[in-house]
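# Results of the structural survey
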4 protein chains.
Amino acid sequence: MEVEAGVNETGRVEAFSDGVFAIAITLLILEIKVPEVEPGQSLWGALGHLWPSYAAYVVSFLVIGIIWMNHHQFLAHLARVDRVALFLNLLLLMTVSALPWPTSVVAAYLRDGDDAKIAMAVYGGFMVLFSTAFSLFWWYVTRRGHLFHDYVDTEGARATRGRFALGMLLYPCTVGLAFVSAVGTLILHGVLAVYYAFNQLPVPVRADSGTAAD
Amino acid sequence: MEVEAGVNETGRVEAFSDGVFAIAITLLILEIKVPEVEPGQSLWGALGHLWPSYAAYVVSFLVIGIIWMNHHQFLAHLARVDRVALFLNLLLLMTVSALPWPTSVVAAYLRDGDDAKIAMAVYGGFMVLFSTAFSLFWWYVTRRGHLFHDYVDTEGARATRGRFALGMLLYPCTVGLAFVSAVGTLILHGVLAVYYAFNQLPVPVRADSGTAAD
Amino acid sequence: MEVEAGVNETGRVEAFSDGVFAIAITLLILEIKVPEVEPGQSLWGALGHLWPSYAAYVVSFLVIGIIWMNHHQFLAHLARVDRVALFLNLLLLMTVSALPWPTSVVAAYLRDGDDAKIAMAVYGGFMVLFSTAFSLFWWYVTRRGHLFHDYVDTEGARATRGRFALGMLLYPCTVGLAFVSAVGTLILHGVLAVYYAFNQLPVPVRADSGTAAD
Amino acid sequence: MEVEAGVNETGRVEAFSDGVFAIAITLLILEIKVPEVEPGQSLWGALGHLWPSYAAYVVSFLVIGIIWMNHHQFLAHLARVDRVALFLNLLLLMTVSALPWPTSVVAAYLRDGDDAKIAMAVYGGFMVLFSTAFSLFWWYVTRRGHLFHDYVDTEGARATRGRFALGMLLYPCTVGLAFVSAVGTLILHGVLAVYYAFNQLPVPVRADSGTAAD
């Protein structure tokens, strides 16, 4: 007789994921460099020159913070995880903890014409990767519903896939928009993050469930 | 019927916030560079040259550590969080995890006359941002009191806003003082941090509450 | 009478280990530098030039993530830890948190002929160190079985040492393979990580134990 | 009536401290640079040249890891913390999370004659700071014993101060020894760390306490 090791409690997955989110969001600040003062310039000028770093920091901080909020909400509906879910969560974390890099690329090139557009397209590309990883996780979890708490209506949850996919279409659009306006696309990413902070996919509960969900 | 996802337990918010505080405070050490020995100099000289880095490290470590203490105390009074509270907490964390950057700027320019003053003014400016974010959180929470534990006297808590705002006026003053003395202002920030370690805003409890608050 | 301090609960060991894993995996992104655009080149070219960084990031992220999964599973079978186990766990964490460095070396030299092979051999060497540390831990724990939960069959667990050692022989082979093909060996490390995500050493439980293991 | 906010549960202090320890220990790897191959040299030579980095990494990893073990043990005896204990713990964490910096200084100068000795003296100086902070914490906690769990014999705990202070005398000696042999002193720090992994100050329990301490 061997231990069935495929199914685990979700506590340590949440702790590990929270750690990765907290570190990724805090590493963002390393992207803002100490300004270098040119001869004859004051520190004010050098500080002002770094505006793309400040903008990229604020947007990426909101983006990662709000992914954390929704990831948090999402995992709360799971009673257990299996190996596949652990692996899909790992892929999701890979795309999130990569975000400091496109943030640095945007900060470095946002003043540079065509390269600014390329940098923002890359940034949008990472959001596509992230939303794909999140969708895979969501599709896997709603397929059989075997990981959900009892109160979750698996049928209803599966029906939300469409709305989920619709949201996913936004990010490929930001890749295209980057070539129209780099700065505008950066602002759009910030606006989308705030939107998702207050509007999230509701998870349906069974009609016969007396339990409040949270 | 859909899950009411707006209200959550506070445990994972504390864990995430603690993670961000712990990382921000530990990243501070990356600001102190390995000293470079000039020809004919010994390592002692190069080490001594870095004194602004040591001073900025100690002050910012105390500042973040004591913000953590008070944030800790503050969240302990909340029984639950909603989306707005999560978002305001995220803004607060953004200002805290940004602090390693002004710390680096101060470390780099504290020996440089006028630029030292500008660097300290920027440092003070980040404290203004932080205290504004903390106040917004406090105002939101005391407005209806719907997130507090039962033992908290919401009326009384709302009355503390004035004292809270008074404390907030200190930080804009440090921006001005930076132009009088950069080093003196850095020391003042350290003193203020130690002051707030031992003096914090008390939260009033209901007269009819038999429960000790902590 | 003095406190017997040799035996502790496992909770804080898990929390500390989870922290180290989460930080090591998230620091990997610092290895990918901001691309530098040569005159006359576009950002696309500079981004493409960094492919070894992307490949090394993905492989090392999977490697550390899956070590975390298996470490997690492993510690779940322990009811307590003693000083020796704490020390062996520390050695294990040392080899894991070192992985961002060989990852950086591979990223820097994967395009450089013979140096690419040396870099991959070093990478393989760190996997040998890691698997040695994990085996030491496993051997210690299965020797007396005094740290296991009651449901674990210590005899049976000790018998798995052979299969454990077999797995360990793979990593020295990757050191040799590095000199045949550097890129091929990097891919092999990724494949091995995914293999270990879904195939892990089962821990035997007592025949008379009614408890499911997880 | 106001909330008596001076006394807190120890859980979040442990979580925050664990976070700081985990991050400080994992940041150590950033000290080891990617080797730069000189023309006509192979990567092997450049890798070998970095031996001081490897040595400093291993020693500092053991040092921080074992401080964590003992800090863990120490906090387990506390039932609660007050503002002074929180502040002293913060000072202790400040000295621990500073350790990556002297580690980098040692790694950079361990091959450089007199500067190697200075670098090791600085490293020893940080251990003096750390042990002073730990002693202050210990003295405060044993003075009244008001923070201990009931099972702790405060009188007996106070009597251990002498042995504690004796251990503290070792670190000033390492500062002096650095000027005799830099490499030897680095090895000594590693040996001391392993010694403290297996020999720690026992905390006396009350004769009338039936409870096992851990």
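Throughout, a residue's number is its position along its own chain's written sequence, starting from 1. Whichever chain is written first becomes A and whichever ligand is written first becomes 1, with later ones labelled in order. For a predicted model such as this one, the threshold for reporting local features is a pLDDT of at least 70, and the threshold for listing and counting side-chain atom pairs is 80 or more; totals across whole chains, interfaces and linings nevertheless cover every residue. The basis for every side-chain value is the complete set of non-hydrogen atoms in the structure, without hydrogens or water.

## Examining the UniProt feature "transmembrane region" (unreviewed entry) in chain A
Residues and elements named next belong to chain A. Put simply, the test is: UniProt positions are given in the numbering used here, feature names are shortened, and annotations may be inferred rather than shown by experiment. Comment: elements are numbered from the N terminus, with helices defined as DSSP H or I runs of at least four residues and strands as E runs of at least two.
UniProt records the feature "transmembrane region" (unreviewed entry) for residues 12-30, 50-69, 81-101, 121-141 and 168-198 in the present numbering. Spanning residues 121-141, this segment combines 100% helix with 0% strand, and its end C-alpha atoms are found 30 Å apart. End C-alpha to end C-alpha, residues 168-198 measures 17 Å, and it is 87% helix and 0% strand.

## Considering helix H3 (residues 51-76) of chain D
Owing to its 3.6 residues per turn, the α-helix aligns residues three or four sequence positions apart on the same side. Put simply, the rule reads: The span one expects for a helix is its residue count, reduced by one, times 1.5 Å. Burial here depends on accessible area, computed with a 1.4 Å probe over protein chains only, as a share of the maximum for the residue type. Under 20% is buried, over 50% is exposed, and the range in between is partly exposed.
With 26 residues, H3(D) should cover 38 Å at 1.5 Å per step; its first-to-last C-alpha distance of 38 Å lies within 8% of that length. For H3(D), the buried fraction is high: 21 of the 26 residues fall into the buried class.

## Remarks on the relation of the copies chain A and chain B
Heads up, the rule is: Fitting of the copies onto one another was done by least squares over C-alpha atoms, counting residues only where both copies have pLDDT of at least 70. We call two residues contacting when some pair of their heavy atoms lies within 4.5 Å.
When chain A is fitted onto chain B, the two copies agree to an RMSD of 0.0 Å after a turn of 90 degrees and an axial shift of 0.0 Å. When the rotation and shift are considered jointly, the pair of chain copies conforms to a four-fold rotation axis. Comparing interface residues between copies, only 6% of those in chain A also lie at the interface in chain B; the contact surfaces differ.

## Focus: the interface of chain C and chain D
Stated formally: A simple way to read buried area is as the amount of 1.4 Å-probe accessible surface that goes missing from two parts once joined, with both sides added. Any Lys or Arg side-chain nitrogen located within 4 Å of an Asp or Glu carboxyl oxygen qualifies as a salt bridge. Counting of polar contacts relies on pairs of N or O atoms within 3.5 Å, with two restrictions inside protein: one atom must be capable of donating a hydrogen and the other of accepting it, and residues adjacent in sequence are counted only when both atoms are side-chain atoms. Throughout, the ten residues Ala, Val, Leu, Ile, Met, Phe, Trp, Tyr, Cys and Pro are labelled nonpolar, Asp, Glu, Lys and Arg are labelled charged, and all others, Gly among them, are labelled polar.
Contacts between chain C and chain D engage 39 residues on the former and 49 residues on the latter. When the two sides are added together, the surface that chain C and chain D hide from each other amounts to roughly 3,700 Å², 73% of it contributed by carbon and sulfur. In this assembly, chain C and chain D are joined by one salt bridge. With a closest N to O distance of 2.3 Å, Arg12(C) and Asp18(D) form a salt bridge. Where chain C meets chain D, there are 10 residue pairs in polar contact (both at pLDDT 80 or more). Only helix H1 (11-27), helix H4 (83-97), helix H5 (100-109) and helix H6 (113-144) of chain C provide two or more residues apiece to the side of chain C that touches chain D. Residue composition of the side of chain C that touches chain D, by class: 29 nonpolar, four polar and six charged.

## Looking at the arrangement of the chains
These two, chain B and chain C, are apart from each other, with no contact and a minimum C-alpha gap of 9 Å. The two units chain A and chain D never meet; even their closest C-alpha atoms stay 9 Å apart.

## Let's talk about helix H5 (residues 100-109) of chain A
In terms of residue burial, H5(A) counts as a mostly covered element, since nine of its 10 residues are buried. Among all positions in H5(A), only Pro100(A), Trp101(A), Pro102(A), Thr103(A), Ser104(A), Val105(A), Val106(A), Ala107(A) and Tyr109(A) are buried.

## Thoughts on the environment of Lys117(A)
Residue and element names in this part refer to chain A. Mapped onto the elements, Lys117 comes out in helix H6 (residues 113-144). Take Lys117: its relative accessible area is 26%, and that puts it in the partly exposed class. Considering only alpha carbons, one finds Lys117 and Leu28, 89 residues apart in sequence, at a separation of 21 Å.

## A word on the interface of chain A and chain B
Every contact between the two is made by 49 residues of chain A and, on the other side, 39 residues of chain B. Here chain A and chain B share an interface that buries about 3,800 Å² over both sides, 73% of which is from carbon and sulfur atoms. The tally of links from chain A across to chain B stands at one salt bridge. Joining chain A to chain B, the criterion identifies 11 residue pairs in polar contact (both at pLDDT 80 or more). Within the residue set of the side of chain A that touches chain B, elements represented by two or more residues are helix H1 (11-27), helix H2 (43-49), helix H3 (51-76) and helix H9 (182-198) of chain A. The element that contributes the greatest number of residues to the side of chain A that touches chain B is H3(A), accounting for 14 residues. In terms of residue class, the side of chain A that touches chain B is made up of 34 nonpolar, 10 polar and five charged.

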